[in-house]
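# Chain and residue survey
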Amino acid sequence: MAVTPESRRWDSLFAQRTRGDVGEGIAAVLAFLGVPDLISFAGGFPDPLTFPRERAAALLAEFAAAGEAQAFQYAPTRGLAGPLDALAGRIEALQGRRPAGDELLITSGGMEALELVGKAFLDRGDVVVVEAPTYLGAIMAFRSFEAEVVAVPIDEHGLDVDELERRLAAGLRPKLLYVIPDHQNPAGVSLSADRRTALVELARRHGFLIVEDVAYRELGFEDDPAPSLWGLAPDAVVQAGTTSKTFFPGVRLGWAVGPAEVSAQLVVAKQNTDQCAAALGQRLFEEYVRRGWIEEQLVLSRRLYRRKCERMLAALERTMPDGVRWTHPEGGFFSWLTLPSGVDAVDLARRAVEQGVGIVPGAPFFPDDRGGDNVRLSFSMVSEEQIDAGIERLASLVAS
């Protein structure tokens, strides 16, 4: 019998490393998140109110009128000179140290930076330590290189560095440690200053590389962030950043900064990935930095997200039944709920969709079997007017 397209089973040919999933229950819930008119606390997306449409359009017109070619051409793998200079200056202003030219490269978003680190460092069976919970995309990126992903718990002060030290003393030997120190996704907590110092000391002592994700660092509600890990230990940290939350995600722009020999290896990996980040996005971001527009935008963005966060926390306090706990973020997009004993997050998410509310169960944010009683709530995308109604519906479902 001839093999037809309908009879082929391509899944039997997929690489083994691609076959991990997050469970049928989770996948079914995530499929509902495109339902029209949903009050969605699900996606960690920036609010479109922060998108700089008019200024971006004006810059495009300027580029065209001036006959600029580089914004529309291929770029060097490490990045265009002007955007690299603007980015290095911005990192210096915000983190107290300017990257050298051989330490910094521009990437196609923060996710590509993680992919490049994985490609450059990970062999099958290598150990990567992550926070529990952590960003789902990072778990997927590291597992795509067949790494063993080991989770260390967090609390209200971020990664439990003492627990990490105990595991290292017991024989844990990671090659990489991935951490989101500022307004973490999904929990919304930040790593305390004393733990930052202790963490980089552990990295130096035990010889692992810290991968610091700073996606939400510039979205703190206060003006006194703790030092970045890269600022504390540029010899032991590669920092992955993104402009998706602070500029706009349509340009898919980010960066990686780390020791020169690490940066060089990431450039080699990028040459076999996308060769270069889009020049147009690089030039748009460069002009936003040089003209001071990014700072103006961030003031408005922080103000908006702070209002939304405070409103959601107030609604949780007002409506949630006893036994529910949640984090109190001081920046970023997220709060993390812990449900009462016996309440299943996947079942809650299914019932919430039926009531017009979107949430994400906690299990995908762990590399093991935890998270069944957790929910991630994102306040960034939902409109201020819908927050109260959405949380009230969710609280009613938990209570029932």
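Residues numbered from 1 in each chain as written. Predicted model: local features only at pLDDT ≥ 70, side-chain atom pairs only at ≥ 80, totals over all residues. Heavy atoms only, no water.

The next subject is the overall build of the protein. When its secondary structure is counted, the protein shows 13 helices and 14 strands. In terms of C-alpha radius of gyration, the protein reaches 22 Å, essentially the compact-globule figure of 21 Å for 400 residues. Across its three principal axes, the protein shows a C-alpha extent of roughly 65 × 60 × 50 Å. A separation threshold of at least 6 residues defines the contact pool for the protein, and within that pool the share at least 24 residues apart is 75%. Carbon and sulfur atoms form 52% of the exposed surface of the protein, whose accessible area is close to 17600 Å². (Helix = DSSP H or I, 4+ residues; strand = E, 2+ residues; numbered from the N terminus. Rg over C-alpha atoms; globule rule 2.2 N^0.38 Å. Contact = heavy atoms within 4.5 Å. Areas by Shrake-Rupley, 256 points an atom, 1.4 Å probe, with all protein chains shown as cover.)

Take empty space enclosed by the protein next. Tallying each qualifying case throughout the model produces one cavity of 30 Å³ or more. Considered as a void within the structure, the largest cavity measures approximately 50 Å³ in volume. Those elements that place two or more of their residues in the lining of the largest cavity are α3 (81–95), β9 (254–257) and α10 (279–290). Its residues assigned to classes, the lining of the largest cavity shows six nonpolar, three polar and no charged. (1 Å grid on protein atoms, 1.4 Å probe; cavity = no way out; pocket = protein on both sides within 12 Å on 5 of 7 lines; lining within 4 Å. Points joined across faces, edges and corners; volume = space filled by probe spheres on them. Nonpolar A, V, L, I, M, F, W, Y, C, P; charged D, E, K, R; others polar.)

Attention now moves to the packing of aromatic side chains. Inspection of every chain in the model, using the stated rule, returns 11 aromatic pairs. For the ring pair Phe-247 and Phe-248, a centre distance of 4.6 Å and an interplane angle of 55° mean the geometry is tilted. For the ring pair Tyr-288 and Trp-293, a centre distance of 5.2 Å and an interplane angle of 80° mean the geometry is edge-to-face. Of the residues examined, Tyr-288 reaches a relative accessible area of 1% and is grouped as buried. (Phe/Tyr/Trp six-rings, centres within 6.5 Å; stacked < 30°, edge-to-face > 60°. Buried < 20%, exposed > 50% of the residue type's maximum accessible area, 1.4 Å probe, protein only.)

Function cannot be read off these values alone, since they describe shape.
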